[in-house]
Amino acid sequence: MNTLSDSSRSPWEKFHGPNLGYVMEMYEQYVQDPNLVDEELRSLFDRWGPPELADAGRYDNQKSITVDFYVSPSALEKCVQAVKLAEHIRVFGHLDGKINPLETEEQRSKAQIDLQKFGLTKKDLLSIPASIISPYLPTHIKNAFEAIEYLKEVYTSKLTFEFGHVQDEEEKNWLLRMVESGEYRPVVSNEKRVEVLKRLTEVEIFEQFLHRTFVGQKRFSIEGVDTLVPLLDEIISESVQKGIQSINIGMAHRGRLNVLAHVLGKPYEMIFAEFQHAPNKELIPSEGSIGITYGWTGDVKYHLGLDRKIKKENTVRAVITLANNPSHLEFVNPVVAGYTRAAQETRNKPGFPEQDENKALAILIHGDAAFPGQGVVAETLNLSRLRGYKTGGTIHIIANNMIGFTTESEDSRSTKYASDLAKGFEIPIVHVNADDPEAVLAAAHLAVIYRQKFKKDFLIDLIGYRRHGHNEMDEPAATNPLMYQIIRKHPTARKLYADRLEQLGIICSAEEVNRFRKEVETKLQSAYQKVANVKEELDYEMNPPEVAEKGIPKIHTSVPAEVLEQVNRELVQWPKGFRVFNKLERILQRRIHAFQENKIDWAHAEALAFATILQEGIPIRLSGQDSERGTFAQRHLILHDEKTGERFSPLHQLSESKASFAVHNSPLSETSVLGFEYGYNVIAPETLVIWEAQFGDFSNSAQVIIDQFISSGRAKWGQKSGLVMLLPHGYEGQGPEHSSARLERFLTLAAENNWTVANMTKSSQYFHILRRQALVLQKEEVRPLVIMSPKSLLRHPLVVSGAADLSEGSFQPLLPQPGLGQNPEKVERLILCSGKIAIDLEEKLAEVADREWFHILRVEELYPFPMKEIASYIQQFPNLKELVWVQEEPKNMGAWNFVEPRLLTLAPSGVHVSYIGRRRRSSTAEGDPVVHKKEQARIINQAFVRSYVHHI
């Protein structure tokens, strides 16, 4: 017997379970050759000998430990193998799990856990203490055999776990404790069980009623993953009890109507009316549901969203939002993340916004084919722990019906599970059989408490099936005959649970179950009768409301000179002792003189605009790749101490600021980041939210967000946005990829005053349009703003403005070229252009002797197109012969196809409309800078050649 004092206590007492198994395994190697283990362990083995069994010793008044025996090498080997077996169960138990509701006991794999593979017998395990296997086991388990049997039951049930990829030791140990102690399983009372059965009855009967009543209409039924609704109920209920005030849900169309009806409280009457193509907007929402909004063109019923208030007495405890979503299944993910971040932040003080991750929760419901198949999922997962985008953990649910449209799982992913993508982000994963409601509730509870503790994402793989085809007009047996032979014989989750509760004596008889059914059917039939004979006159015109189409009102955007001067000084002040990089300090300090000398460049004007917007009490959020510094080293809104690396923004210390300013360098992603910023803006409409592309053509990667949300969200869903997009645009000979922001795409989508598209040539114009956008944010006339921002023009002397332009001017949609058009009778050609080409033309003017015969108008705002302003100029020139549109983009790109019909409308009789620019091309620009320069020179020269007339 060997007694160790406190000062020399064995280190082995600190090791349990898998950690003790590892040390034992290392000792085996040490016995063979001490050099096989690292130096630290070798010194421990030299001093203390082999690891001791935790149960073999006992604490004696917490002052000494009595060790009854040391482990023999053979016993040590058995212990090591037992620990390996336990770890094998933890890692691979899910492969033997009862998680597939369509799989019979005979079909289920049982080959993963075998004592013989580890050289163990039952007798071996009976001789080993249970604590060797796990320190978290229930107290009634005394030996390793009982422990292994218990772990097999835990890890191969209808709820299985994948935590092996989680690297953080605290997290992993917490997860092991929750699972192996059973703490993660909530107590489900009999009353709760009856509630769940009633909920499943509502879910099932609702779908069956729709199927009978609206034959042949698509609804994308939830049937097969019915427990999604009680799963959401449980997550929401537990989260609200823990203080969450805002719950934001994103999901595609599968099961959406059921979630709208039962989780969001959308009245059955409204859903039925939509099936009859006569949505009655006057119907009173059910208790708690709010925010039922409509655009003027509308959307199909299984894309619409809703808000609902959860109340306790007269106090609103939480708001649930189901985000509107197009058929681009997973693209709503970053939008909902943006909703959630906006709901977590307080923006009414200077500095970065204050974030409280306990205020809001995101729940994202994915499809099993879409989760691994659509890249936006991975992009959104990557946002989850980034400073500018984290939301304290999203709860992900894969509504897994084991098929994508008609495609089997083996043809839609290269991984075992649909959820495997999440492993790369160390997100804990549980797989749960959708036919077991109580296992589903346990998964919900574990997700909520994990998110609350670690502020990280959690994923529930809800494995069910799809009872019908992809939609209710499909015949699934044509492409998946074997699967649907099984499905057609398979009882529903409601039926299985009702039978179970009847067996347990919780429900007395089948009559009681039928009573639940009849109550739901009666409620549905009553709702249907209210709308069955309603013949609402459809709006065939679908005209936008006047307030949306009339355009932005006149807004005063100038700022007094003394205010600008004060702000300008404060923007180049930093805390005492803060050391800005020498060269950068000199550049920024020049802004004092630039202001006095009326040489305010683009970034300088932007900083002044931001500062004065903050003084108005309007928060700002700016994000994009390298936006803190600026892609072209022009912005520098976040400064870094060159000695300590400490960060500081002058916009956080403005003396008159009344709101927060956030700027974040984004990950190398466009889709997720733009979607996030759009979502943020929807929930924080008072905030000037700006997304900046590193180069304008990068917006290509976010085209779904642009097409389906930003440009059309208000028309489809009544969802307003004042988002700003900065898209660097201009031909500098850098080749096809970094020249064009694809201006033509934004103009093609322009209609019904859905957004503003601008391509400006003065820094003061940028100042005023930013301020105008900020001041219109909370008005009904708000709309997104698309700016073709400059690259080479950022510091161009012809783009700079004076202080008076900011203090006295306003944004002008049309700018005439100074010095031209002095003799209106002599003007024969009116040149119209937009953006950088206008500066190229102005530079060339110095070489042009005869200037009286033409005039130049810069179209600074392309949409809405300034028809009245251009018409006013045309009237000034009685001898006008042609309108010429000049652009640097190819003829099939840029603004030409958009402006041509408008110029033809404006042109007086006998006045020709002409085009000067690049020929039609499939690529946006030349790849060779020499060729580019020559072509650019041709365009500019032809604009000033009297003999060049290219008629349409």
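Everything in this summary refers to the structure shown in the same document. (Residues numbered from 1 in each chain as written. Predicted model: local features only at pLDDT ≥ 70, side-chain atom pairs only at ≥ 80, totals over all residues. Heavy atoms only, no water.)

**Here we look at the sheet that holds strand S30 (residues 912–918)**
As a general point, the strands of a sheet are linked pairwise by backbone hydrogen bonds and lie either parallel or antiparallel. Short version of the rule: Note on pairing: DSSP must find at least two bridges between two strands before they are called paired. What counts as a helix is a DSSP run of H or I of at least four residues, what counts as a strand is a run of E of at least two, and both are numbered from the N terminus. The angle between two axes is taken between their N-to-C directions and runs from 0 to 180 degrees, where each axis is a line fitted to C-alpha atoms and a helix contributes only its stretch in contact.
What the five strands build is an open sheet, ordered S25-S27-S26-S29-S30; its pairing is mixed. Every other strand in the sheet has two partners, leaving strand S25 (814–816) and S30 as the edge strands with one partner each. Averaged over all pairs of adjacent strands, the angle between their axes in this sheet comes to 25 degrees, without regard to strand direction. Sheet analysis places strand S29 (residues 882–890) next to S30, joined by six bridges and oriented parallel.

**Here's the deal with the sheet that holds strand S17 (residues 620–624)**
In space, the seven strands of this open sheet follow the order S20-S17-S21-S22-S24-S23-S28, with mixed pairing throughout. Looking at the sheet topology across the chains shown, the edges are occupied by strand S20 (661–665) and strand S28 (861–863). When strand polarity is set aside, the average angle formed by the axes of neighbouring strands in this sheet is 20 degrees. When strand S22 (residues 724–726) meets strand S24 (residues 785–787), the two strands line up parallel, connected through three bridges. Bridge pairing in S24 links Leu 726 to Ile 787.

**Details of unusual backbone geometry**
As a reminder, the rule being used: Burial status follows relative accessibility: with a 1.4 Å probe on protein chains alone, a residue under 20% of its type maximum counts as buried, one over 50% as exposed, and anything between as partly exposed.
Here the amide bond leading from Tyr 863 into Pro 864 is cis, since omega sits at -5 degrees, within 30 degrees of zero. Examined against the element boundaries, Pro 864 turns out to sit in the loop between S28 and helix H29 (867–876). We note that Met 402 has phi near 60 degrees; this positive angle belongs to a residue other than glycine. Considering the arrangement of structural elements, one finds Met 402 in the loop between strand S12 (394–400) and strand S13 (403–404). Notably, Asn 598 is not glycine yet its phi reads approximately 60 degrees, a positive angle. Structurally, Asn 598 is set in the loop between helix H20 (582–596) and helix H21 (602–615). On the basis of relative accessible area, Asn 598 is assigned to the partly exposed category, the value being 41%.

**Side note on helix H28 (residues 836–845)**
Definition in use: Here, residues are in contact when the closest pair of their heavy atoms is within 4.5 Å.
With eight of ten residues buried, H28 is to be regarded as a mostly interior element. Burial in H28 covers these residues: Lys 836, Ile 837, Ala 838, Ile 839, Asp 840, Leu 841, Glu 842 and Leu 845. Residues of H28 that are buried in the fold lie against strand S26 (829–833), strand S27 (854–859), S29 and helix H31 (929–943).

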